[in-house]
Every structure is written in structure tokens, then in C-alpha cells.
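What follows is each chain in one-letter form.
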Amino acid sequence: MAAASSPDTAPAAPVAKRDRTHYLYIAVIIAVALGIAVGLAAPDFAVELKPIGTGFVALIKMMISPIIFCTIVLGIGSVRKAAKVGAVGGIALVYFLAMSLVALAIGLVVGNILEPGTGLAVTDAIKDAGHAQVDAEAKDTTEFLLGIIPTTIVSAFTSESVLQTLLVALLAGFALQAMGNAGEPILRGVQHIQRLVFRILAMVMWAAPIGAFGAIAAVTGSAGLDALKSLAVLMLGFYVTCFLFVFIVLGALLRIVAGLNILTFFKYLGREFLLILSTSSSESALPRLIAKMEHLGVSKPVVGITVPTGYSFNLDGTMIYMTMASLFIADAMGTPMSIGEQIPLLLFLLVASKGAAGVTGAGLATLAGGLQSHKPALVDGIGLIVGIDRFMSEARALTNFAGNAVATVLIGTWTKEIDRGRVDQVLAGEIPFDEKTLLDDHDAEPAEVPEQGGEKELAKA
């Protein structure tokens, strides 16, 4: 009798939590609609609301470093074979490079077909706006690599570099792995800290409607209808290109490698896509992506390494954006580039883009810095896209997020670090995601993936 009643009572709590947060995301949708209305009706007032959206994204970003640290330390520290972690990292980097090249090629083809910049005039004001973007922080490859090393272990948590946190977490994870049983008390402590951090994040998410309203109102008010109309071809072309890349390229990979339908997979991540759409930042959904991929059934080491690394190295949307924007600017300047000129520039931007975080404006800053270094004559035309960059930023962020979510499942499948039975149950809605804690700590057994081996050690601890 008790066995029969427990299945009836177990799903009850998650359903209640899911229903409650359901209203939160309805409020986000309403806030986005109101933000657009305010931005169009009172643009000057709407621009003043920008700090509201910025503040909300900052609240989430402050949680990213501790979440990444805890996830990676728990993932690596509980695995007894360091070679498995190295294999995951190697496969991830090769995959990221391959997908960046595919995204670059698709953007190149569409950009040459559309030629959206033809016929636009570049005024002195536009030139000044373009050169102003070069002042934004854009590091060369050497500075980027040295920047991965934090000044101190503690400073990795106070900087905005995801890769610094990743480095410290990897070192700590391998050190705990080498300590064996002596490191188990530390692992238990990190596990409790992870639960605390995710609970704080769940509390912060209740401010999402306010943040979405401020962010969307400011974007709409600053751009205005004139900019949208004059650059509609570039915007629509970019959105269509991102759509094709996600649903054809990534969709085919997900179906062939993992046997999953991309629409079903994205439905599971629907709230994260809504959050990104309302904040224009893929980083706003990074902590939730980590939690949801672990809940889906991908092992902690794969999630802990693939997601944070992907946010710096797997920027498919940013690659498509920089490809199309470069061709657009060259056409608008009256100096269209031949294929022989396009490929070296785009390969240079491919390298320059590694390290452009998923934060609003990073793509434009990297494009400006890349053009200044490789083809300075085109910098004058960057001012043409400043007005619509925020709207294109949303497509960039959505594509980057989709690419990293798919990459996590693919790499988990290739390394056999994914529980396929659990994946099917989660996507079918049989194991609901706990929106209150963002963790499966209400039931210890489902949180662990028995097939992964390494997690069993943590469960015992």
C-alpha cells in the first residue's frame, strides 16, 4: 500500500512548483510586450529604463562563477579516471571549431546572395559611430590566452571571465580526484554550496519580468522604427540564417547522433529561450542550462566542461553575425570584397571571436576590433549597424545558446556519458524539472546517473 501511494504523492510537489513558475514566465511575456509598447510610444523615457535590464542580467551573472566552479569540481572530483575528462575536453574543442567553420560558411553564402549593404550611404556621423566601437575592449589572441590565468585563485570568482573560473575549477577538481577518500568531505561541502547557489538563483529569477521590461523597452526606444526599416534586409537575412543553421544543421546532428527531435529538445528549454529573448544575453541562461542538462541525464563532467567552454569557444551565432555584418559593411562602403578577400578576413574573425562572451555588445566590439586590425577601411561602416545591433544580439544569443545545448547532448552521446532512458523520460515530462531548487536534491537517486560510474562515488560520499 505504501509502495502504491508513494508514486502518487511524489509527482505532486513538482507539479505545484511548475505551475507556480509558469505564471512567472507568463509575466515575462507580458513584460516584453509592454516594453516594446513603451519603447515605441516614449523612446526617450524607454532608454532611461536600460539600467533595470542591466541590473537583472548582473544579478544572474554574479551567480555564474560559483555555479561553474561547483559543477566542475563535483563532476571531476567524483570521477576516478582523469583521462575521461581530457577526452571530453578534446572532443568538445574539435566540435566547437568544426561548427564555427560551418556557421562561417553558411553566413558567407547567405551574405553573398543577399548583398544587403548595397545602396546605403555612409555619412560622417556613421563613421564616427563606427570608430567609437573600436574603443570597446577587444583582445588579441595572446592577451586572450594570458587572460585565462587569474591573478589569484580568489580573483577568478570576481572577474567576468568564465574561462578563469573554468581553469581554477579544473585544477581543484583534479586535485580532489588525486586526494581520493580524503577529498570526500570537501566534495560534500561543495555539493551543499551548489544547492545554496542554485536556490539563490531561483529567487533571483522572480525579478525576470522587471528585467525583461527594462531591457526590451531600452532596446526598442534606442533603435526606433527608422533604423529597423532601413536595415530590415540585413536583420531578416541574419535571423533566417540563424534559423536555418539551428534547425537544419544542429537539428540534423541531434537526430543522427543522439536520435532526438530538436523541437522536443527546445520545448524542454523553452523558458531559457524566453529569458534570453527578453534580456538579449545568452549568459542569463547559462546557470539554468547547466542545471537542466544535468537533470536531462548528461553526466556532471560533460556538462561542467562543455557548457562553460562553449560559452567562449562555441559562438555559432556570433560567427554568422560577424560574417554577414562584414559583407554588409563592405557593400555599403562601395568596396565589395572578392571571395579571396572574404575568407582571410573571416578566418581572422573566427580566431578573434573566441573569447567574445555571450553578453550584449560583445559581438559588435569584437567585429570592430577585428576589422580595425585586419581591414581598417571597413571600420567607418560599423556605425551602420550600431542602431540594430541589440536586435541582432537576440538572434546571436539564441543561436549561441542553442548551439551549446545541442553540443552538450552530442558530446555526452559520443563519450557515452548520458543516460538515454532518463533523457526520454525527462523530455516526455515524466520527470519534471524542479524550478524551486534547480537541482534534484528532493530525490537523491534520480540526481545521480548510475551508468556514469563517477557519480556513484559522490553518492556514496
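Residues numbered from 1 in each chain as written. Predicted model: local features only at pLDDT ≥ 70, side-chain atom pairs only at ≥ 80, totals over all residues. Heavy atoms only, no water.

Going by the annotation in an unreviewed UniProt entry, the name recorded for the chain is C4-dicarboxylate transporter DctA, with Streptomyces osmaniensis given as the source organism.

*Asks:* What exactly am I supposed to notice about a nonpolar patch on the surface here?
*Replies:* On the surface, Val240, Phe243, Leu244, Phe247, Ile248 and Leu263 cluster together to form a nonpolar patch covering roughly 570 Å² of accessible area. At five residues, the largest contribution of residues to the nonpolar patch is made by helix H12 (residues 232-258). By secondary structure assignment, the location of Val240 is in helix H12. Here Val240 falls in the partly exposed class, since its relative accessible area comes to 47%. (Patch = residues over 30% accessible without salt bridge, like charges linked within 9 Å, V, L, I, M, F, W, Y side chains within 5 Å. Areas by Shrake-Rupley, 256 points an atom, 1.4 Å probe, with all protein chains shown as cover. Salt bridge = Lys/Arg side-chain N within 4 Å of Asp/Glu carboxyl O. Helix = DSSP H or I, 4+ residues; strand = E, 2+ residues; numbered from the N terminus. Buried < 20%, exposed > 50% of the residue type's maximum accessible area, 1.4 Å probe, protein only.)

*Asks:* Mind showing me how you'd approach unusual backbone geometry here?
*Replies:* With the exception of glycine, most residues fall at negative phi, and the peptide bonds are largely trans. A positive phi angle, close to 55 degrees, is found at Lys416, a residue other than glycine. Secondary-structure assignment places Lys416 in the loop between helix H21 (389-414) and helix H22 (420-427).

*Asks:* Sorry if this is basic, but what is going on with H12 here?
*Replies:* Every α-helical turn comprises 3.6 residues, leaving residues that sit three or four positions apart pointing alike. In this model H12 runs 37 Å from its N-terminal to its C-terminal C-alpha over 27 residues, within 8% of the 39 Å that 1.5 Å per residue would give. Those residues of H12 not exposed but buried are Leu234, Met235, Gly237, Phe238, Thr241, Cys242, Phe245, Val246, Leu250, Gly251, Leu254 and Ala258. Immediately downstream of H12, the backbone of Gly259 shows phi near 70 degrees, a positive value. (Expected span 1.5 Å × (residues − 1).)

*Asks:* Help me understand the environment of Arg396 in this model?
*Replies:* Of note, Arg396 is situated in helix H21. C-alpha separation for the pair Arg396 and Phe238, spaced 158 residues apart in sequence, amounts to 9.0 Å.

*Asks:* Would you take a moment to explain the packing of aromatic side chains for this structure?
*Replies:* A ring pair, where both rings are aromatic, is described by two values, the distance of the centres and the angle of the planes. Following the criterion strictly, the structure yields nine aromatic pairs and no others. Ring geometry for Phe273 against Phe401: centres 5.1 Å apart, planes inclined by 80 degrees, an arrangement best described as edge-to-face. Of the two residues, Phe273 sits in helix H14 (residues 270-279) while Phe401 sits in helix H21, which places them 128 residues apart along the sequence. Each of the two residues, Phe273 as well as Phe401, counts as buried. Among the aromatic residues, ring-to-ring pairing joins Phe243, Phe247, Phe265, Phe266, Phe273 and Phe401 into one connected group. Over the ring of Tyr268 we find Lys292; its NZ or CZ atom is 4.8 Å from the centre of that ring. (Phe/Tyr/Trp six-rings, centres within 6.5 Å; stacked < 30°, edge-to-face > 60°. Lys NZ or Arg CZ within 6 Å of the ring centre and 35° of its normal.)

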